[in-house]
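Descriptive structure summary
Chain by chain, the residues run as shown.
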Amino acid sequence: GQQVMQIPQYQHVQEGEDFTTYCNSSTTLSNIQWYKQRPGGHPVFLIQLVKSGEVKKQKRLTFQFGEAKKNSSLHITATQTTDVGTYFCAGTNTNAGKSTFGDGTTLTVKP
Amino acid sequence: GAVVSQHPSWVICKSGTSVKIECRSLDFQATTMFWYRQFPKQSLMLMATSNEGSKATYEQGVEKDKFLINHASLTLSTLTVTSAHPEDSSFYICSARELGAISDTQYFGPGTRLTVL
């Protein structure tokens, strides 16, 4: 079945440094979503990417969807302590009707 | 908008009892709801996909007789953990996909932490 791999598993950065998490799917995706889960909380939707090669920005966050629609990345510029949490990608194959979540990347930011 | 609630937020029960968890979409109708299980510091494991008015689709390895899912309306799905045992202790999260939405966005409930003694 469809597999979604996410790296790294953990990332520790100094406040102000950049951060990137990568997501790779074993199959071509219809779209990909990114979620953020704060410690003790539940996943919160950040964005959905649909088009091949798509790039979207939300303030300091930049999301990319690969040309082959099999990989994606989330980049945070100049991290802040509020960025702490686990970032999940979820790949969707519309034919399957469900999304497969990556294992998540847990970001810690040292002030 | 797009708020999903879950009840209860936490529950402690004795081994052998059954526990029902409710998932509600508060301000939208959801044709599809998903039930996930999450172990500490791990990803979300999809248990089943629940469609209003039809039987749930369970993922491989998930016992349908143990995890009973009912999606009786466009705003409510329930998960009943039958004859719970300590190994069923976990964080259970539901999500809902909006009726008619083009996007595959899922809106997550706050989760239910189940502890089986």
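In what follows, the accompanying structure is described. Source: prediction; values computed, not measured. (Residues numbered from 1 in each chain as written. Chains lettered and ligands numbered in written order. Predicted model: local features only at pLDDT ≥ 70, side-chain atom pairs only at ≥ 80, totals over all residues. Heavy atoms only, no water.)

**Digging into the environment of B:T112**
Residue and element names in this part refer to chain B. Our working rule: We count a stretch as a helix when DSSP gives it H or I for four or more residues in a row; a strand needs E for two or more, and each element gets its number in order from the N terminus. The criterion used for residue contact is that any of the two residues' heavy atoms lie within 4.5 Å. Side-chain atoms alone can form a polar contact between residues adjacent in sequence; in general such a contact is a pair of N or O atoms within 3.5 Å, and within protein one must be able to donate a hydrogen while the other accepts it.
Mapped onto the fold, T112 is located in strand β11 (residues 112–116). Sequence-wise, T112 and L76 are 36 residues apart; in three dimensions their C-alpha atoms are separated by 15 Å. Discounting chain neighbours no more than four positions away, the residues touching T112 are Q6, H7, P8, S9, W10, V11, I21, S90, F91 and Y92. Within the structure, T112 has its side chain in polar contact with the side chain of Q6 (distance 3.1 Å). A distance of 2.5 Å separates the side chain of T112 from the backbone oxygen of P8, its partner in a polar contact.

**Some details on the packing of aromatic side chains**
Residues and elements named next belong to chain A. Stated formally: Note on aromatic contacts: the rings of Phe and Tyr and the six-membered ring of Trp form a pair at centre separations within 6.5 Å, being stacked when their planes are under 30 degrees apart, edge-to-face when over 60 apart, and tilted otherwise. Exposure categories follow from relative accessible area, calculated using a 1.4 Å probe and restricted to protein chains: below 20% of the type maximum is buried, above 50% is exposed, and the middle band is partly exposed.
Applying the stated criterion across every chain yields a total of 11 aromatic pairs over all chains. Centroid distance Y35 to F45: 5.8 Å. Interplanar angle 70°. Geometry classified as edge-to-face. Placement of Y35 in strand β4 (residues 31–37) and of F45 in strand β5 (residues 44–49) is noted, with a sequence separation of 10 residues between them. On the basis of relative accessibility, which here comes to 0%, the residue Y35 falls in the buried class.

**Comments concerning the sheet that holds strand β3 (residues 19–25) of chain B**
Hydrogen bonding along the main chain pairs the strands of a sheet, whether they run parallel or antiparallel. Residues and elements named next belong to chain B. The test is simple: Between any two strands, pairing holds if DSSP finds at least two bridges. Only the stretch in contact is used when a helix axis is fitted, and all axes are lines through C-alpha atoms; the angle between N-to-C directions ranges over 0 to 180 degrees.
Strands sit in the order β1-β3-β8-β7 across an open sheet of 4 strands; the sheet is antiparallel. Among the strands making up the open sheet, the edge pair consists of β1 (4–7) and β7 (67–73). Put simply, the sheet's adjacent strands are angled 15° from each other on average, direction ignored. Here β3 pairs with strand β8 (residues 76–81) via 6 bridges, running antiparallel. Bridge pairing links I21 to L79 in β8.

**Some details on the interface of chain A and chain B**
Test applied: Two parts lose some accessible area (1.4 Å probe) when they are put together, and adding that loss for both gives the buried area. The salt bridge definition used is simple: a Lys or Arg side-chain nitrogen within 4 Å of an Asp or Glu carboxyl oxygen.
Listed per partner, the contact involves 18 residues of chain A and 19 residues of chain B. On the chain A side of the contact with chain B, A:H42, A:K98 and A:F101 bury the most area, a combined 32% of that side's loss. The interface formed by chain A and chain B includes 0 salt bridges. Put simply, chain A and chain B have 4 residue pairs in polar contact (both at pLDDT 80 or more) between them.

**Some thoughts on the pairing of strand β7 (residues 61–65) of chain A**
Residues and elements named next belong to chain A. Extensive coverage of β7 is indicated by the burial of 4 of its 5 residues. Taken together, the 4 bridges between strand β6 (residues 55–58) and β7 define a ladder with antiparallel strand orientation. Note that in β7 the partner of Q58 across the bridge is L61. Turn length for the β6-β7 hairpin, with the two strands adjacent in sequence and antiparallel, is 2 residues, and the turn residue K59 shows positive phi of about 55°. Note: β7 against strand β8 (residues 71–76), 5 bridges, orientation antiparallel. Note on β8: the bridge partner recorded for L61 is I76. With antiparallel pairing between neighbouring strands as the criterion, β7 and β8 make up a hairpin whose turn holds 5 residues, including K69 at a positive phi of roughly 55°.

**Details of unusual backbone geometry**
Here the amide bond leading from A:I7 into A:P8 is cis, since omega sits at -5°, within 30 degrees of zero. Counting through the fold element by element, A:P8 comes out in the loop between β1 (4–7) and β2 (10–14). Backbone torsion omega between B:H7 and B:P8 reads 0°, so that peptide bond is classified as cis. A positive phi angle, near 55°, is found at A:K59, a position not held by glycine. Looking at the element boundaries, A:K59 is found in the loop between β6 and β7.

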